[in-house]
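Next come the chains, spelled out residue by residue.
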Amino acid sequence: MGRRKYLVAAAVLLLAAVGAVVLAARTSPSSVGGASAAGNGSSAPPLKAKGWINTSALTPARLRRKVVLYDFWTYSCVNCVRTIPYLRAWYDRYRSDGLVVIGVHSPEFDFEKNHANVRRAVKKLGVDYPVALDDDMTIWNQFGNQYWPADYLFDRSNHQAEVHFGEGGYTETENEIRKLLGVPASAPRAVLGRREGGTDGPSDITPETYNGSERGAAGFASPQSLVDGTQVFTAPAVLPTNSHAFTGAWTVTPEYVQSAVPGSSILLRYVAGQVNLVMATSHGQPIDVSVQVDNRPASVVRVHASDLYALVTDPTDGTHTLRLTAQAPGLRAYAFTFGG
């Protein structure tokens, strides 16, 4: 089962998730949302990171008497990317008051365990706060976390003061940060710079859609079975809403599908304004991808690194059909995400 999971649940479920110390969830998301709750007063554990970016190791001694915000993220997660400008703004505004922001990078896909990839993403996204590399989900499990993105806020005595799962709630989180730091109400607030990626759409937009065999069966509409190996796929004459299909030769793996010949396509019938896709190449060389929505002229996206790529950025939500065509073999397509 997959690991990305976002919270849209009643408060009682949230409180249960916050209070429990469990292994990382392995379930796919049905939707994206956010929810906050008061912390349970527990202490943050010493971080067992595989490495650090933007800092040397942050030990308990270095965090003593600090207000610490732990943000669980992974760089191909669009919802995580959209929270980064807020985290950056809080860190830049309040670090002189005693705030430490730690981005705990807990990867979903194998390529996100590559430290060079993470460093490149950190630079690209403008992440200037410390990042702990959590390749094997050790810190994730220490916190009993289940969601991307997830924020755990601790006071100066290292007691959990607040948790937030998913996007949103930024004003409330900043208010709690200011309270824990003792910042006067009249003091300036954080100033938000640019915001990447857009916002969540309404609850009826298409849910995150995976292509690999491990999680891709939901909404898969090709008449062929989605099983590991190389085969030639066809698409149905009519593609149902919130479904996807392949045409041409694709090699299926648990995490992704890989184009086996030029011209292999993925068709997607979606409801959203924005469409993103995690892509990579098998050989490290760029591959051009044709993207056509309905009958519009096709655009070209060049895939040159293992990353999240924006395919569609419409100003309003709508129901559309997208055709993505690989111009060469070796294109890897992992997961579609959507926004409004």
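Asks: Describe the pattern of salt bridges, and please don't skip the residues or the numbers.
Replies: Evaluation of the coordinates by the stated rule reveals eleven salt bridges. One salt bridge in this structure joins Arg189 and Glu174, with 3.3 Å as the shortest N-O distance. With Arg189 in the loop between α6 (170-181) and β8 (209-210) and Glu174 in helix α6, this pair connects stretches of sequence that are 15 residues apart. Owing to a relative accessible area of 34%, Arg189 belongs among the partly exposed residues under this scheme. On the accessibility criterion, Glu174 (8% relative accessible area) is buried.

Asks: Give me the packing of aromatic side chains: which residues, what numbers.
Replies: Under the defined criterion, the tally for this structure stands at 23 aromatic pairs. Each ring, one from Tyr152 and one from Phe165, has its centre 6.0 Å from the other, and the planes form 65°; the classification is edge-to-face. Of this pair, Tyr152 sits in strand β6 (residues 150-154) while Phe165 sits in strand β7 (residues 160-165), placing them 13 residues apart in sequence. Overall, Tyr152 belongs to the buried group, its relative accessible area being 3%. Overall, the relative accessible area of 1% leaves Phe165 in the buried class. Relative to Phe246, the ring of Phe233 lies with its centre 5.3 Å away and its plane at 90°, an arrangement referred to as edge-to-face. Taken together, the positions of Phe233 in strand β9 (residues 229-233) and Phe246 in strand β10 (residues 243-252) put the pair 13 residues apart, joining distant regions of the chain. Accessibility expressed as a relative area gives 0% for Phe246, which makes it buried. Ring pairs connect the aromatic residues Tyr70, Phe72, Trp140, Phe143, Tyr147, Trp148, Tyr152, Phe154 and Phe165, which therefore count as one cluster.

Asks: How would you sum up the nonpolar core? Please name residues and give values.
Replies: Core analysis: the biggest nonpolar cluster contains 68 residues, and Tyr70, Trp73, Trp90, Ile102, Phe143 and Tyr152 have the highest contact counts within it. Of the residues forming this core, the biggest block, ten residues, is contributed by helix α3 (residues 78-94). Sequence-distant contacts of Tyr152, defined by excluding residues within four places in its chain, comprise Val68, Leu69, Tyr70, Phe72, Phe143, Gly144, Asn145, Gln160, Glu162, Val163 and Phe165.

So, how was this worked out
Residues numbered from 1 in each chain as written. Predicted model: local features only at pLDDT ≥ 70, side-chain atom pairs only at ≥ 80, totals over all residues. Heavy atoms only, no water. Salt bridge = Lys/Arg side-chain N within 4 Å of Asp/Glu carboxyl O. Helix = DSSP H or I, 4+ residues; strand = E, 2+ residues; numbered from the N terminus. Buried < 20%, exposed > 50% of the residue type's maximum accessible area, 1.4 Å probe, protein only. Phe/Tyr/Trp six-rings, centres within 6.5 Å; stacked < 30°, edge-to-face > 60°. Core = buried A, V, L, I, M, F, W, Y, C linked by side-chain atoms within 4.5 Å. Contact = heavy atoms within 4.5 Å.

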